[in-house]
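Now for the letters of each chain:
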Amino acid sequence: MSITSYNGSALIAMVGKNCFAIASDRRLGVNFQTIACDFQRIFKIHDKLYIGLSGLATDVQTMHQRLQFRHKLYQLREERNMRPETFASLVSAILYEKRFGPYFCEPIIAGLNDDGTPFICTTDLIGAKQLAKDFVVSGTASESLYGACESMYKPDLGPDELFEVISQALLASVDRDCISGWGGIVHVVTPDQVITKTLKGRMD
Amino acid sequence: MECLFGFVGDGFALVVADTCANQSIVVQKTTEDKITCLDSHKLLGCIGESGDRVQFSNFIQKNMNLYHFRNGIPLSTSAAASFTRCELATALRKAPYQVNMMMAGYDKRTGPCLFYLDYIATLQKLNKGAQGFGAYFILSLFDKYYQKNMNVEEALQLVDKCIWEIGTRMVASPANYVIKIVDRNGARLLARRGRPEPAEEQEDLMQ
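Residues numbered from 1 in each chain as written. Chains lettered and ligands numbered in written order. Predicted model: local features only at pLDDT ≥ 70, side-chain atom pairs only at ≥ 80, totals over all residues. Heavy atoms only, no water.

All names here are of chain B. In spatial order, the strands read β10-β1-β2-β11-β12; together these five strands make up an open sheet with antiparallel pairing. Each edge of the open sheet carries a strand with a single partner, namely β10 (128-132) and β12 (186-193). The mean inter-strand angle of the sheet, taken between neighbouring strand axes irrespective of direction, is 15 degrees. With five bridges joining them, strand β1 (residues 3-8) and β10 adopt antiparallel strand pairing. Paired with Leu 4 across the two strands is Gln 131, which belongs to β10. Across the sheet, helix α3 (residues 135-145) touches β1 and β10, and the angle it forms with β10 is around 165 degrees. Sitting on the sheet, helix α4 (residues 152-169) is in contact with β1, β2 (12-18), β11 (177-183) and β12, with an inclination near 155 degrees to β1. (Pairing = 2+ DSSP bridges. Helix = DSSP H or I, 4+ residues; strand = E, 2+ residues; numbered from the N terminus. Axes fitted to C-alpha atoms, helices over the stretch in contact; angles between N-to-C directions. Contact = heavy atoms within 4.5 Å.)

What follows is the structure, given as structure tokens:
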């Protein structure tokens, strides 16, 4: 089995009107055996910046620790939070450091700029950044996710509608992938609040 | 065919491991304790490559001691699990430790907890978990019979069900098990299961 499909994952981030939503599945598996249904793949870097990491679970946890460390150091030195574009460049640089022995994870970065405009981007496992205006997906279910997002997405959705669209896209896609699923978690981030909801889908 | 499993009950956490040390087709020892007490309130059950198992669990135990010695307070269970994960992750791309673990502990503020630690340093906090080939049987039994807040008697009944299932349905299943518990009174041996040891031989057979 491929190393990126050892643990199974599904991640989406979508852009709305002055808000963004980031969602992931919750399964942690070892090949076809399910170990846990509450694995955390989306991490908060600061109030307006979230990163979702798909791929090998150990590298998800290692990357999260490294990025949290780098951001805390940045906060101490600069006395402010990192902007999303800067953070995306940092992620890309950290991944490329390991060009010939990479971390087997593919991050999705989603954040709000200071003026409230949303920013999303994804990179591959060696740090090739790809910005997007509408949505980005990652994980073992990525092909299904692309299809579902493309058909359900509309620009300039409000937070509630965005939550509906991203949840439906996630649940529809993970139902077609045996190694991701077991529920979902969605964070909808607006300039003044963060709404976190867990989804209950087909628990298989 | 090693087995390691554990779960959280009402104010305690239980870890069960087999006690057979095998080398290829030979059973070298049937009383090998694979669950180390990291400190007064933590247990680390470890299965896998024998050398790595012994060395790594001792290494973690000594580091727990060192932290306590330097700082005057012991590490919490989640911090200990995180430290262990970092050691595994650092070694992963150099000389990986081939050990799968379950770490259980009791903290005064947060109560009992159990962590699943893979050989590739995947860490997950769980209420019930298993490692090794036995996991294929034990996880299904847990899904059916595990309930939150079981007391010690109910927990031992569940453990006995698991051991019986492994003995019946798994090829080359181990005969003997050790059960350790950690609660507010500390980490200690709770029970043993399996074939009793034969009586000592009285005479040297070569005489």
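Chain B puts 19 residues into the contact, and the matching count from chain A is 20 residues. Summing both sides of the interface, chain B and chain A together bury roughly 1,400 Å²; the carbon and sulfur share of this comes to 47%. Three residues stand out in chain B for area buried against chain A, namely Arg85(B), Arg93(B) and Gln124(B), and they jointly supply 38% of the buried area on that side. Residue Asp59(A) pairs with Arg93(B) through a salt bridge whose shortest N-O separation is 2.9 Å. At the junction of chain B and chain A, the tally comes to nine residue pairs in polar contact (both at pLDDT 80 or more). A breakdown of the residues in the side of chain B that touches chain A according to their chemical character gives 12 nonpolar, three polar and four charged. (Buried area = accessible area lost by both parts, 1.4 Å probe. Salt bridge = Lys/Arg side-chain N within 4 Å of Asp/Glu carboxyl O. Polar contact = N/O pair within 3.5 Å; in protein donor to acceptor, adjacent residues only side chain to side chain. Nonpolar A, V, L, I, M, F, W, Y, C, P; charged D, E, K, R; others polar.)

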